[in-house]
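Inside the fold
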Amino acid sequence: MNEIDIISAQYVSFEGTNSCVKAVINGAEWFVPIDPANRHYAEIMRQVEAGTLVIAEAD
Amino acid sequence: MSNAREIAQLGSVPSGRRNLIINGAMNVTQRGTSFTAPASGSVICDRWTVEYDNDASVDWSQSTDAPDGFSHSLKADVTTADTNLATAQYSILYYKGTEVQDVSHLLYGTSGAKKLTMSFWVKSNKTGTYSAELAFYNGTAQVEHSKAYTINTSNTWEKKELTFDANTTDSFGRAANGQGLIIYFWLAAGSQWQGSPRSSTWGTSNNRATDNVNFLDSTSNEFYITGVQLEVGSVATEFENRSYGEELALCQRYYHGSEAYEIWSGYAVSGTNNFHNADFKTTMRAIPSLTLTLIGQSGFSATALNTSSATKDGFHAYKAATATGGGKYFYFTYTADAEL
């Protein structure tokens, strides 16, 4: 009973390392840290593992 | 209250901070004060979320209709009714939770576990049985403990007091800054949640909202709640009033935005990144998600800002200059979300 609608997700690269994920969540663009304690990142990874979301590579 | 009862209460309750709930008086609304049919999962008052699966529409707002001693309540107003809930459908007002490290003193999962008492004020034209529930993740599953309460009189503020069993079996299964105790206030529940009898203590039964009214069954229905307090022991004490500033600071650990602009200014070289460090208003629960909104710029494009790293204490935003020279700048606002 905890719903987060994630439309898209893409890594952001800084100096050659993925530093965070830029994601459209419930209609707004968020920079999501790569941290499992963050609820957005946890939900992104849950959807990735479920096969319903793919995190695009950084530009 | 008699002197004897007052003295007895003072002797039986812990001193210091009693209420485990943040923003139980519904005074802090950093995301706005009125929400038209918010999506399930939306935070509609700091630390409070709506969760639902049904065919109704409900508007939520901060209201000034409140019992004596309170300034605000949270109001639900049904705008599209659902008179026939499907089996698994439901509507819940959901407290996002304490952190595990803030409830370790409950000694859950040990023989010394403590009872909890929750008190709150409610008002509705829809009288009858409702359900309030504590829950947490024990490392394997979510365990719940549900209690029924009754709104007896239409459109009248009533104070409810519910005491929950100590949980001597299950301990908290998440990290110290992870989600500990959460609260569900059931407003409607399909038959899946209404098995009989209602589960009488901690467990994983679906019989969590037995006999709950269907608050969604009429567009005339309104529900108000405030003064939510969860405290150790079997006695509901008077609501612990905190100053607005104190309550706001507690909420900002989970979410806040910048009201003043964050500004970078200086000499820029075209094609190079320029960084601005921003400190959060308080140390956040976890590294937050960030939104960055560019407000204005000179010597920079109007395209979005980037951030490369954040901590619980702050972040830096950066932007590549499009011109070379002094007096260049960009400024922006942010929101940071580390909610449970």
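Overview of the nonpolar core
- Formed by 56 residues in total, the largest nonpolar core has its most connected members in Trp48, Phe120, Tyr149, Leu181, Phe185, Phe223 and Ile225 of chain B.
- Residue contributions to this core peak at five residues, all from strand E12 (residues 222-232) of chain B.
- Those residues in contact with Tyr149 of chain B that sit more than four places away from it in its chain are Phe120, Val122, Gly128, Thr129, Tyr130, Ser131, Ala132, Lys160, Leu162, Phe185 and Phe223 of chain B.
- Cys20 of chain A together with Leu290, Phe315 and Phe332 of chain B belong to the second largest nonpolar core, which has 21 residues in total.

Here we look at helix H2 (residues 244-252) of chain B
Residues and elements named next belong to chain B.
- Along H2, the residues that are buried comprise Glu247, Leu248, Cys251 and Gln252. Buried residues of H2, seen end-on, are gathered within an arc of 140° and therefore sit on one face of the element.
- Summarising the contacts, the buried residues of H2 are in contact with strand E13 (255-257).

Regarding the interface of chain A and chain B
- Of the residues lining the interface, 19 residues belong to chain A; the matching set on chain B comes to 31 residues.
- Seen at the junction of chain A and chain B, the total is one salt bridge.
- For Arg39 of chain A, the salt bridge is made with Asp337 of chain B, and the minimal N-O distance between the two is 2.7 Å.
- Counting every contact that joins chain A to chain B gives seven residue pairs in polar contact (both at pLDDT 80 or more).
- Put simply, the parts of the chain that give the side of chain A that touches chain B at least two residues each are strand E1 (6-14), strand E2 (17-25), strand E3 (28-33) and helix H1 (39-50) of chain A.
- If you tally residues by element for the side of chain A that touches chain B, the top one is E3 of chain A, at five residues.
- Partitioning the side of chain A that touches chain B into residue classes produces nine nonpolar, five polar and five charged.

About the criteria used
Residues numbered from 1 in each chain as written. Chains lettered and ligands numbered in written order. Predicted model: local features only at pLDDT ≥ 70, side-chain atom pairs only at ≥ 80, totals over all residues. Heavy atoms only, no water. Core = buried A, V, L, I, M, F, W, Y, C linked by side-chain atoms within 4.5 Å. Buried < 20%, exposed > 50% of the residue type's maximum accessible area, 1.4 Å probe, protein only. Helix = DSSP H or I, 4+ residues; strand = E, 2+ residues; numbered from the N terminus. Contact = heavy atoms within 4.5 Å. Arc of directions from axis to C-beta. Salt bridge = Lys/Arg side-chain N within 4 Å of Asp/Glu carboxyl O. Polar contact = N/O pair within 3.5 Å; in protein donor to acceptor, adjacent residues only side chain to side chain. Nonpolar A, V, L, I, M, F, W, Y, C, P; charged D, E, K, R; others polar.

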